[in-house]
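Next come the chains, spelled out residue by residue.
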Amino acid sequence: MFNLNNVSMNFIKRIEPYRNMRIAVYGTGNNAKAILKIPSDVDVFCVVENIPSRSTFMKYPVMSIEQAIDSGINVIVLAAETDIEIIIYRRIEEICRRNNVKVLGLHLGDIDKLFSKHKLYGYEANEHVDLNQIKELIDSHDIISFDIFDTIIERKTLIPQDVFLILQNKTDTIHNFQFRRFHSEIVNDKENPSYDEIYEFFKMAYVLENDEVQILKNLELDIENSIICAKKAVVTLFEYVKRKNKTVYLISDMYLSKESLRRILDKNGITGFADILVSNEFRSSKNEGLFEHYIERCGEDKRLHIGDHPKLDGINAIMHGIDAVIIPNALDLFKKSRYQHVLMQVDTINERSIVALFANKLFSDPFERRHVISEAREYAYLFLGPLIAAFMTWLIEETRKSKYSKLLFASRDGYLLLKLYKKAIEILGMNDAPEGIYLYTSRKACLRSYCTNEEGLKEIINQYNFTLEDISRNFSEGDDYHSLTKEEIFSCAEKELFGYKKYLKELGIDNKEELGIVDLVSGGTCQYYLEKLLLNKMTGLYLCRGLSWVKIPPYIKALTEEHPNDPTAYLSKIEQLTLLEAVITSPEPSLAGFTEMGEPLFLEDKSSDDDRKFVKEMQDGISDFFEEYIRYLYVEGCPVHISIVKELMSYRNVAEVDQSLLSHIYLEDELLGIQFGRKGDNAKNH
């Protein structure tokens with residue numbers, strides 16, 4: 001926070017040895033204004049801007065650093081905040097050193113002297129931290145300290161305060177809990193309050209009983225434990241430090257107690273450190289004196305601190321005589337990456353959580369210069385997991401507000417969706433959720449049951465521009481077929497319809513029930529035929545309602561819809577449709593139809609063992625993402641806008657992906673005789 005008196009006192013203290021020299025002030029902000037208002041005999045010659053935007057500032061000439069040096073300045077005072085002083089210093093240090101110009105920081109003082117004694121590595125935003133160089137620094141120091149949060153462990157949330165929203169979702173006893181919990185921390189009458197002190201304030205401010213408060217405290221700790229995970233690459237570095245027999249300390253600005261932190265660290269396999277220094281136990285943060293307590297504890301040996309915050313872990317460390325390494329956290333790396341645009345779109349906690357899982361996965365290794373996605377499981381986690389998680393979130397919300405007795409998950413896309421639905425019911429304890437049933441269906445099977453008479457046959461021919469030869473082909477399970485007459489088609493269709501009805505009866509599906517039919521991308525074709533033939537009214541619940549050659553059923557809900565004239569809303573462009581339907585599928589071949597006994601008939605399986613392995617790995621990646629999200633982060637009633645997950649899905653086109661892993665993407669439309677290329681980006685008619 002800006003303080004005029006502090007600025008004035010700092011300037012007078014810094015400049016005292018140089019008051020008879022020609023002085024420049026770098027900057028035109030509040031600090032510079034305060035300095036230039038000080039009545040003194042100090043010879044301020046000019047004001048410096050990186051790129052001068054005016055000729056004068058408070059009656060002083062404004063110059064570039066080059067112009068100021070040419071004018072004979074001897075000293076330049078950086079009138080900026082502490083962290084900005086470092087950035088400016090590194091920008092001008094070379095030209096100032098060449099010309100014997102002294103650089104003083106308003107806060108840091110003699111910056112040349114500071115950096116001649118102590119190393120600050122990885123401070124600049126574009127400065128890559130090299131693991132081998134860090135190890136060399138570790139080797140040359142006696143005592144190593146690590147920051148805790150976002151350095152050696154991290155939360156699965158985008159911002160720490162989302163923990164309070166997740167807790168709020170799990171308890172309905174406190175209105176607006178998230179705000180009240182945060183408020184109890186920041187306005188607390190204790191300096192750097194502890195967890196117990198925060199909740200004591202909370203209890204007094206909002207008039208709660210002790211047992212109510214204890215429930216909240218325990219629940220928050222449970223949530224913290226569930227969403228915190230180790231940063232494996234940094235833990236590996238931590239283990240290297242221990243192998244080198246260095247003394248290790250952990251330092252944290254945190255309200256949790258040392259013992260609570262120890263339990264979290266122990267759960268994540270982080271042990272073998274000498275001690276934890278936590279701000280609430282010393283009533284001082286890294287910004288206020290926590291490093292002084294650390295120095296008292298560890299003595300004068302050569303010390304190195306490793307953290308993620310440039311100011312708190314970097315500048316504060318070197319100001320206390322401790323060399324420092326800044327390792328960027330996942331969010332900072334994400335903000336500087338080609339994927340950063342999605343951060344400007346997130347609004348709700350569920351959106352933030354989905355983006356956080358994406359960011360933490362992609363930037364799990366801060367030492368990695370170049371990340372190439374070469375495994376199907378990771379590819380699916382990053383680019384398909386968010387989309388399916390958003391769809392399942394939407395589906396769960398739809399079931400909460402509707403009265404479906406059963407949800408029919410249409411084959412083959414419904415195979416994975418049903419597994420995820422059952423997992424969500426189990427995790428969320430949705431005991432009254434509609435039963436999920438896997439329903440064998442396909443457009444081919446519906447066609448084969450529909451052509452029982454002249455009217456049905458004519459409708460199929462008109463809808464698909466088919467000939468009798470096309471109809472005959474679809475009554476075969478293989479490539480070999482013989483031409484059928486109309487009468488033969490009617491006879492075959494009657495048997496198919498009888499078998500289909502028998503199959504549905506054995507599933508226990510009553511056409512008088514309130515039914516929902518779940519599919520990935522659909523125009524409602526199967527729903528249309530099933531309603532006309534077998535099940536009366538159903539509600540379609542689709543990720544995307546696509547274009548259709550049939551009359552659209554009236555009861556359809558979709559997370560998004562295709563709009564051919566609006567490219568931003570059009571989900572299932574050919575490569576997206578191929579990718580989704582090729583991997584979110586059953587291991588069984590496509591359904592052809594039914595025997596008279598109600599047994600399903602399948603088409604020839606054209607996939608290879610490698611194809612099936614690829615699909616399994618992709619589904620595992622999607623399931624990994626969904627379970628992390630729904631188990632630990634999902635907040636009921638909080639929407640996820642389709643634009644967020646579509647944006648994340650689109651990043652597969654800018655990420656570095658080993659294209660060979662996509663060679664097993666394959667999709668065939670058996671009804672129309674169309675195959676889609678194995679790279680997922682071409683369609684070819686056969």
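In short, a report on the structure. (Residues numbered from 1 in each chain as written. Predicted model: local features only at pLDDT ≥ 70, side-chain atom pairs only at ≥ 80, totals over all residues. Heavy atoms only, no water.)

## With respect to the overall build of the protein
For step 1, the next point in the chain: The helix and strand inventory of the protein stands at 28 helices and 25 strands.
For step 2, the next point in the chain: Along the longest, intermediate and shortest principal axes, the C-alpha atoms of the protein span 110 × 60 × 50 Å.
For step 3, the next point in the chain: Here the protein holds 686 residues, and 55% of them are scored as buried.
For step 4, the next point in the chain: Here the analysis covers contacts within the protein between residues at least 6 apart in sequence; of these, 69% occur between residues at least 24 apart.
For step 5, the next point in the chain: Within the structure as shown, the protein displays about 30800 Å² of accessible surface, and the carbon and sulfur contribution to it stands at 47%.
For step 6, the next point in the chain: The protein carries 84 positive and 107 negative side-chain charges, and their two centres are separated by 3 Å. (Helix = DSSP H or I, 4+ residues; strand = E, 2+ residues; numbered from the N terminus. Buried < 20%, exposed > 50% of the residue type's maximum accessible area, 1.4 Å probe, protein only. Contact = heavy atoms within 4.5 Å. Areas by Shrake-Rupley, 256 points an atom, 1.4 Å probe, with all protein chains shown as cover. Lys, Arg positive; Asp, Glu negative; His and termini not counted. Charge placed at Lys NZ, Arg CZ, Asp CG, Glu CD.)

## As for the environment of Val-342
For step 1, the next point in the chain: Within the secondary structure layout, Val-342 lies in the loop between helix 16 (330-335) and helix 17 (349-362).
For step 2, the next point in the chain: When the C-alpha positions of Val-342 and Tyr-651 are compared, they lie 9.9 Å apart, and in sequence the two are 309 residues distant.
For step 3, the next point in the chain: The residues contacting Val-342, other than those within four sequence positions of it, are Phe-334, Val-355, Ile-644, Glu-647, Leu-648 and Tyr-651.

## Observations concerning the nonpolar core
For step 1, the next point in the chain: In this structure, Phe-146, Ile-152 and Tyr-629 are the most contacted members of the largest nonpolar core, which totals 175 residues.
For step 2, the next point in the chain: Not counting chain neighbours up to four residues away, the residues in contact with Ile-152 comprise Phe-146, Asp-147, Ala-230, Lys-231, Val-234, Val-235, Phe-238, Leu-265 and Ile-270.
For step 3, the next point in the chain: Counting residues in hydrophobic clusters, the runner-up holds 41 residues, among them Ile-92, Val-101, Phe-115 and Ile-295. (Core = buried A, V, L, I, M, F, W, Y, C linked by side-chain atoms within 4.5 Å.)

## Structural notes on the sheet that holds strand 7 (residues 109-110)
For step 1, the next point in the chain: Strand order across the open sheet formed by 7 strands is 3-4-2-1-5-6-7, with mixed pairing between neighbours. If you trace the sheet from one side to the other, it starts and ends with strand 3 (56-57) and strand 7, each paired once.
For step 2, the next point in the chain: Judged from the 4 bridges that link them, strand 1 (residues 23-26) and strand 2 (residues 44-48) form a sheet pairing that is parallel. If you follow Val-25 over to strand 2, its bridge partner there is Val-47.
For step 3, the next point in the chain: Against the sheet, helix 4 (residues 82-98) engages strand 1, strand 5 (75-78) and strand 6 (102-105), with an angle of about 165° to strand 5. (Pairing = 2+ DSSP bridges. Axes fitted to C-alpha atoms, helices over the stretch in contact; angles between N-to-C directions.)

## Things to note about the packing of aromatic side chains
For step 1, the next point in the chain: Summed over the entire model, instances satisfying the criterion amount to 30 aromatic pairs.
For step 2, the next point in the chain: Seen in terms of ring centroids, Phe-177 and Phe-202 are 5.6 Å apart; in terms of plane orientation they differ by 50°. Their pairing is tilted. Residue Phe-177 is located in helix 8 (residues 177-186), and its partner Phe-202 is located in helix 9 (residues 195-206); the two are separated by 25 residues in the primary sequence. Of the two residues examined, Phe-177 and Phe-202, each falls in the buried class.
For step 3, the next point in the chain: Ring geometry for Tyr-195 and Tyr-199: centres 5.2 Å apart, planes at 75°, overall edge-to-face. Note that Tyr-195 and Tyr-199 are positioned in helix 9 at a spacing of 4 residues, about one turn of the helix.
For step 4, the next point in the chain: With relative accessibility at 7%, the residue Tyr-195 sits in the buried group.
For step 5, the next point in the chain: Classification of Tyr-199 as buried rests on a relative accessible area of 1%. (Phe/Tyr/Trp six-rings, centres within 6.5 Å; stacked < 30°, edge-to-face > 60°.)

## What about the pairing of strand 21 (residues 591-594)?
For step 1, the next point in the chain: Of the pairings in the sheet, the one linking strand 21 to strand 22 (residues 600-602) comprises 3 bridges and is antiparallel in character. Bridge pairing in strand 22 places Gly-593 opposite Leu-601.
For step 2, the next point in the chain: Where strand 21 folds back onto strand 22 in an antiparallel hairpin, the turn is made up of 5 residues, including Gly-598, whose phi is positive at roughly 85°.

## Some words on helix 9
Side chains of residues three or four places apart in an α-helix project in the same direction, reflecting 3.6 residues per turn.
For step 1, the next point in the chain: Here helix 9 spans 16 Å end to end across 12 residues, near enough to the 16 Å set by a 1.5 Å rise per residue.
For step 2, the next point in the chain: All buried positions along helix 9 are accounted for by Tyr-195, Glu-197, Ile-198, Tyr-199, Phe-202, Lys-203 and Tyr-206.
For step 3, the next point in the chain: On its buried face, helix 9 sits against helix 7 (162-170), helix 8 and helix 10 (210-227). (Expected span 1.5 Å × (residues − 1).)

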